[in-house]
Amino acid sequence: GVKLLLHGLCSNTTVKSLDLKGNNLRTVGAEALGKLLRQNKSIRSLILEWNNLGMWEEGFSFFCHGLGANNFLQRLDLRNNQINHQGAGELAMALKQNASLQELDLRWNNIGLLGGRALLNCLHSNKTLKRLELAGNNVPSDILKAVEQAMDHNQDRQTILSETQNRAYILSKEVLSLKDEKTKQFLDLMDTIDKQREEIARSGRMSAARVSQLQEALDEQHSIMNSLKAKLQMTEAALALSEQKVHNLGELLNATKEEQTSMAERHFTELQQQKQESADREGKLLRDLSAASEKNLLLRNQVDELEKKCKIQQDQLFQVKQDLTNTTAELKLRAVQAEERLEMEKRRFKQSLEDMESLRLKEVDHMTQHIEASERSMQDRIQRLEAIRIALEEELSQVKAAALTERGQAEEELIKVRNQARLEEQQRLEHLEEKLRLMTESRDEAQNCCLKQKQMVAEAQAKANQLSLHADGLRRRLEELQQDLNSKEEEKVTEVNKVKVELQEQIGHLQAERTAQEGLREKIAALERQLKALSSNHREALLDKEGEISMLLEKLRMKEADISRMREEEAQRASFLQNAIMAYVQGSPLGAHGSRK
């Protein structure tokens, strides 16, 4: 089952942690784990506690080869796996090749002195392992301390490397950001230059358009002035013709005066005759006026009569409204009386029902006294009483239905009477409104005729006034046009001066921006020089640090060689001491007594 599971995980790319604690994997499981470590690239943590992998040397060696070929695993737990010094040596060979493992837990195994030395020797080439647990493996304390020192050295080295990488990454980011900022600034400057060029071109086009518009306006004004001059010439010619006509008319007046003096005598006689005729005509006109005044009196009398008729009709409307109120009151009284009748009938029916119930109760009491004697007669009577009750209930339902129908008929009659009264009132009101409308229309027509005559007189007077005002307005317009021409010429001169000033200001701004761009280019060159100097300094510092690291590594190797020599000497001394102690124990009487037992 473990083989199948691990074979499926070889191609998996999502599992990052695998826990196989206490599964007794043996050789097949160890070989499958080695294959998994060679092929899988996603697992970062592998826990193999309590699996006795060290008992199977071939499987464990295959597992170690897979660990050496893996470059993605970061944490490995091999506690309580009975790993001996040979297994530790294979692990050391794998750790020399591995460059990703950071934590290795080998507690509670059988590594011993030789396995500890092998692991310590592999740490000279492995510089990624940060944590190595070797408690409970019979490893001497000096080796444990050396392992701890190597772990500390690896941690320091990795922190230094991470810091340098972070610094290099930060510097590269800063360089890229500076380059981006420079490119953005350069692009912004180019955009601003292009925009300014476009604005200058637009301003030139606008100024040309304005100048063309001003020229067109001036041409129009010149044409207007020429037309006005032509009109003035025409008016002067008309005035000269009018003066000639006045002179001719004066001559004609003198001639007509002479003729009038001759004709006056003739007309004097004709006037006397006309006076007599006019006197006759005045008499006729007076007679016509008297007749017209009599007609006006008749019309006034007719108007008075119509007003009286209107008042009479209003009185009739008031009486109709009173009649309607009276009829509505009568209908309400009738409805109240009908409701009272219904209530009386209800009371009567209730009394009759109560009497019938009292009679039935009496009969029931009488029947209860004679139950034992005549049960059959009682049953017959009960049936009869039930039939009577059913008949009474049917009569009650019929009476109720009749009362409801009567009430509905009364309500329908009330609604019909109300609708008829409303229709009659509406018809009367419409008839009266039509009469009033006709009267108002006749009055409005008379008023309109008077107003039209007044308007005709007012319009004739207004036309005369307008003609006089029109002549004055023409003179004023001539003066205003001359003033407008003068003011527009001044405005044209001022606008041309303004355009020139604006163009000079824009040229000055462009020159200032060019100088600013040159200053920015100089700053960019200085920043690039500073970056080059910083990068060179950083490289020199990195080279110095690498040299120091190599010197420290050589010193550590020398010290580790000295420590290994000392440990070998101490191991020899310890072996001599053990042999001496064993010989002493065997030669003593206590040892002989123990052997006898």
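As the structure is a prediction and not an experimental result, all values here were calculated from the model. (Residues numbered from 1 in each chain as written. Predicted model: local features only at pLDDT ≥ 70, side-chain atom pairs only at ≥ 80, totals over all residues. Heavy atoms only, no water.)

### Here's the deal with the UniProt feature "coiled-coil region" (unreviewed entry) in the protein
- Cross-referencing UniProt, the feature "coiled-coil region" (unreviewed entry) maps to residues 211-245 and 289-569 in the present numbering.
- Strand forms 0% of residues 211-245 and helix 100%; the C-alpha atoms that close the span are 50 Å apart. (UniProt positions renumbered as here; feature names shortened; annotations may be inferred. Helix = DSSP H or I, 4+ residues; strand = E, 2+ residues; numbered from the N terminus.)

### Observations concerning the packing of aromatic side chains
- The full count for this structure, using the stated rule, is one aromatic pair.
- Arranged with centres 6.0 Å apart and planes meeting at 35°, the rings of F60 and F63 form a pair that is tilted. Here the residue F60 and the residue F63 both occupy positions in helix 3 (residues 57-69), the gap between them amounting to three residues, near one helical turn.
- According to the relative accessible area criterion, F63 is buried, its value standing at 0%. (Phe/Tyr/Trp six-rings, centres within 6.5 Å; stacked < 30°, edge-to-face > 60°. Buried < 20%, exposed > 50% of the residue type's maximum accessible area, 1.4 Å probe, protein only.)

### With respect to the sheet that holds strand 1 (residues 17-19)
- Pairing in this open sheet of five strands is parallel, and the strands run 1-2-3-4-5 from one edge to the other. Strands with a single pairing partner mark the edges of an open sheet, and in this sheet they are strand 1 and strand 5 (131-133). Strand-to-strand, the axes of this sheet are offset by a mean angle of 0°, without reference to chain direction.
- Pairing between strand 4 (residues 103-105) and strand 5: three bridges, direction parallel. Note that in strand 5 the partner of D105 across the bridge is E133. (Pairing = 2+ DSSP bridges. Axes fitted to C-alpha atoms, helices over the stretch in contact; angles between N-to-C directions.)

### Remarks on the pattern of salt bridges
- Within the structure shown, the criterion is met by nine salt bridges.
- Among the salt bridges present, the one from E103 reaches R75, with a minimum N-O distance of 3.5 Å. With E103 in strand 4 and R75 in strand 3 (residues 75-77), the pair connects residues that are 28 residues apart, well separated along the chain.
- Its relative accessible area of 29% is what places E103 among the partly exposed residues.
- Of the charged contacts in the structure, one is a salt bridge between R437 and E441, with a shortest N-O distance of 3.0 Å. One end of the pair is R437 and the other is E441, both in helix 7 (residues 375-587) and four residues apart, which spans about a single turn.
- Sharing partners across several salt bridges, the network here consists of E49, D77, R79, D105 and R107. (Salt bridge = Lys/Arg side-chain N within 4 Å of Asp/Glu carboxyl O.)

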